[in-house]
Amino acid sequence: MKKFTSSNMKIAFLKPQKMTKSLFDSFDGVSAKQWKQKIQFDLKGADYNEALIFKSLEGIDIKPFYNQEDLTEIDHSHFHTTSWKNAIKIEVSIAEEGNQKAIEAVGKGAESLFFVIEQEDININILLQNLDSKTPIYIETKFLSPTYISKLNDLCQANSFTLYLFTDIINHLAETGNWFSTLKEDHESLNAIAKSSQLKSIISVDISLYQNAGATMVQQLAYAISHANEYLNHFTNSDTNPLTHNKIVFKVAVGGNYFFEIAKLKALRMLWSTLATEYQVTNECHIIAYPSNRNKTILDYNVNMLRTTTECMSSILGGADTIYNLPYDNIYNLENDFGTRISLNQLLILKNESYFDLVANASSGSYYIENITHQLAEKALSLFKNIEKGGGFLSQLKSGVIQKKIKESAQKEQELFDKEKIVLTGVNKYKNAEEVIPTLQKSVFQQKKVRKVLLEPLIKQRLSEIMEKKMQ
């Protein structure tokens, strides 16, 4: 396993180039020190740190103001995607139905398709028939089958599809507590799948599990690169290392902390570039983002629509390559035409009416966002190194360290929610006295499953579940 220390792995933050001519040259500059002195005077004796410094769950102190000095020695010219595509997620249990939904979605404005395939007997040729080869396709299977992926590879070669495959055996272990089969067989299958040369991407890292389980952003980022590092180590000295020529795909859940979520995605690219450079593999990654379930509710559920909109905005400004939205009623309703149509229309409005596709890297140079990005990246890198010193991600997952840390973070966040420090409108604040619980077509609360597992699985949990149960 490759060892990482503070001396052999750093994020390079370079001093940005000074503009040759500024519109503000005729004005005297105001330093951060001068601003702070003025603020302290206006506070009339109140403690500056107590009154105006906000401490985030990530251990980052949020200041009342930021200026040019906060960008000193920080590189804000790192890679950022130049465009983004909307996508629609289709869970496939019958190939013909999945194909029909895909064709209809493209007709309504979907630019890419994300298929979740439930069983191995689903005919991939039928599922992808009559689809334009220019439409990017994402495939996630609920099973691990090199034979099935080989058929996908052949189909891509014959039809020139741009196809991204989600293969993440570590995520399956973390979420279920078990490998698909066994450690040995799963890794053998991974090696076989890695030979699928026609696919745009093969290896993926699903960070959304950590976010939906309650991990902080620093943890999410550190676990993401430590998770990815397990794959890099696995393919070291391998003739079939797919990451030497294919981008890795990160699947990211985006929460409601607007500016921090923008910074999280920017930091993820920087961290991956740093890690990839150590292994001499492609240092660009592909990010597919979607709104988190953690802050969604069945109380005043229409507000979910506002939450998903701002979370999609964070995804765009943070630099996601592809974004799919969650229907506002996703947590309690079965798939329905209205919810699906609204979720896609939200993305279409952001692109075609709000013009969120006209400026690449719109947040670049923002004092606040770039400073947060820098701090998130540095803290995540430090945590990553500690994980590696502790044996690596899989070792700490098997020993329960990762689960324990996420539980602690989730509990802190839950306590803040319970005390109304984290506000969900219509749930723990500004409640509707005449609230009517919608008809629940899905099970919205955790179901205890008694099964034999190799390790404790990570459990996804929404902040409002306890409150919702009391109202039933």
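Located above this text is the structure these notes cover.
These numbers come from a predicted model, not from an experiment.

Student: Would you explain the nonpolar core in this entry?
Tutor: When a protein is soluble and globular, its nonpolar side chains tend to lie buried together. Residues Phe-115, Leu-128, Phe-250 and Trp-272 are the most contacted members of the largest nonpolar core, which totals 105 residues. The dominant element in this core, judged by the number of residues it contributes, is helix H10 (residues 258-279), at twelve residues. Those residues in contact with Trp-272, other than ones at most four positions away along the chain, are Ile-225, Ala-228, Leu-232, Leu-243, Ile-248, Phe-250, Val-281, Thr-282, Asn-283, Glu-284 and Cys-285. Listed in part, the twelve residues of the second largest apolar core include Phe-166, Ala-253, Ile-288 and Tyr-290.

Student: How do you make sense of the packing of helix H7 (residues 183-193) against helix H9 (residues 217-235) when you look at a structure like this?
Tutor: It is at 12 Å that the axes of H7 and H9 come closest, and there the two elements cross at 75°. In this view, H7 runs roughly perpendicular relative to H9, as classed from their interaxial angle. Across the interface between the two elements, His-187, Leu-190 and Asn-191 of H7 pack against Tyr-231, His-234 and Phe-235 of H9. A breakdown of the residues in the contact of H7 with H9 according to their chemical character gives three nonpolar, three polar and no charged.

Student: Is there a simple way to explain unusual backbone geometry in this structure?
Tutor: Glycine aside, negative phi is the norm for most residues, and most peptide bonds take the trans geometry. Despite not being glycine, Tyr-355 has its phi angle at roughly 60°, a positive value. With respect to the helices and strands, Tyr-355 occurs in the loop between helix H12 (337-352) and helix H13 (367-389). One non-glycine residue, Glu-420, lies in positive phi territory at about 65°. By the secondary structure assignment, Glu-420 is in the loop between helix H15 (401-418) and helix H16 (465-471).

Student: Where do I start with the side chain of Ser-464 in this structure?
Tutor: Following the sequence through the fold, Ser-464 ends up in the loop between H15 and H16. Here Ser-464 falls in the buried class, since its relative accessible area comes to 0%.

Student: I'm lost on a nonpolar patch on the surface in this one. Help?
Tutor: Side chains of Tyr-355, Leu-358 and Val-359 sit close together on the surface and give an oily, nonpolar patch of about 350 Å² of accessible area. Tracing the chain through its elements places Leu-358 in the loop between H12 and H13. Relative accessible area serves as the criterion here: at 61%, Leu-358 is assigned to the exposed category.

Student: Can you walk me through the sheet that holds strand E3 (residues 85-92) in this structure?
Tutor: In any sheet, the strands associate via hydrogen bonds between backbone groups, in a parallel or an antiparallel arrangement. Sheet architecture is closed into a barrel: eight strands sit in the order E3-E4-E5-E6-E7-E8-E9-E10, paired in parallel fashion. Adjacent strand axes in the sheet meet at a mean angle of 30° when their direction is disregarded. Where helix H3 (residues 95-107) meets the sheet, it contacts E3 and strand E4 (112-117), and its direction lies at approximately 160° from that of E3. Most of the contacts of H9 go to strand E7 (residues 201-206), to which it runs at about 145°, and overall it touches strand E6 (163-167), E7 and strand E8 (248-254).

Student: Got a minute to help me understand the state of the cysteines in this structure?
Tutor: A covalent bond bridging the sulfur atoms of two cysteines is what the word disulfide describes. Across all of its chains, the model carries zero disulfides by this definition. Left unpaired, Cys-312 is separated from the closest cysteine sulfur, that of Cys-285, by 19 Å.

Student: Is there a simple way to explain helix H11 (residues 303-318) in this structure?
Tutor: End to end, H11 covers 23 Å across 16 residues, agreeing with the expected 22 Å (1.5 Å per residue, within 8%). Across the 16 residues that make up H11, a large majority, twelve, are buried. Val-303, Asn-304, Arg-307, Thr-308, Glu-311, Cys-312, Met-313, Ser-314, Ser-315, Ile-316, Leu-317 and Gly-318 are the residues of H11 that are buried. Of the residues trailing H11, Gly-319 is marked for its positive phi of about 100°.

Student: Quick question: what am I supposed to make of the pattern of salt bridges here?
Tutor: Charged atoms that come close allow side chains of opposite charge to pair. One pass over the full model with this rule turns up 18 salt bridges. In this structure, Lys-460 engages Glu-175 in a salt bridge whose closest nitrogen and oxygen atoms are separated by 3.3 Å. Placement of Lys-460 in the loop between H15 and H16 and of Glu-175 in helix H6 (residues 169-176) is noted, with a sequence separation of 285 residues between them. Overall, the relative accessible area of 39% leaves Lys-460 in the partly exposed class. Residue class for Glu-175 comes out partly exposed when judged on its relative accessible area of 31%. Of the charged contacts, one joins Glu-311 and Lys-296 as a salt bridge, the two residues approaching to 2.7 Å between their closest N and O atoms. Within this pair, whereas Glu-311 is found in helix H11, its partner Lys-296 is found in the loop between strand E9 (285-291) and H11, the two being separated by 15 residues in sequence.

Student: For this particular structure, what's the right way to read the packing of H11 against H12?
Tutor: Two measures define how a pair of helices packs: the angle their axes make with one another and the distance between the axes. In the contact formed by H11 and H12, the axes pass within 10 Å of each other and the chain directions differ by 45°. By the angle between their axes, H11 is oblique relative to H12. Viewed along their axes, H11 and H12 form a crossing whose handedness is right-handed. Residues Met-305, Thr-308, Thr-309, Cys-312, Met-313 and Ile-316 of H11 lie in contact with H12, whose contacting residues are Ile-342, Gln-346, Leu-347 and Leu-350. Of the residues in the contact of H11 with H12, the class split is seven nonpolar, three polar and no charged.

What counts, and where the lines are drawn
- Residues numbered from 1 in each chain as written.
- Predicted model: local features only at pLDDT ≥ 70, side-chain atom pairs only at ≥ 80, totals over all residues.
- Heavy atoms only, no water.
- Core = buried A, V, L, I, M, F, W, Y, C linked by side-chain atoms within 4.5 Å.
- Buried < 20%, exposed > 50% of the residue type's maximum accessible area, 1.4 Å probe, protein only.
- Helix = DSSP H or I, 4+ residues; strand = E, 2+ residues; numbered from the N terminus.
- Contact = heavy atoms within 4.5 Å.
- Axes fitted to C-alpha atoms, helices over the stretch in contact; angles between N-to-C directions.
- Parallel < 35°, antiparallel > 145°, perpendicular 65-115°, else oblique.
- Nonpolar A, V, L, I, M, F, W, Y, C, P; charged D, E, K, R; others polar.
- Patch = residues over 30% accessible without salt bridge, like charges linked within 9 Å, V, L, I, M, F, W, Y side chains within 5 Å.
- Areas by Shrake-Rupley, 256 points an atom, 1.4 Å probe, with all protein chains shown as cover.
- Salt bridge = Lys/Arg side-chain N within 4 Å of Asp/Glu carboxyl O.
- Pairing = 2+ DSSP bridges.
- Disulfide = S-S within 2.5 Å.
- Expected span 1.5 Å × (residues − 1).
- Left-handed = near helix turned anticlockwise from the far one by under 90°.

All we've got here are geometric facts, nothing functional implied.
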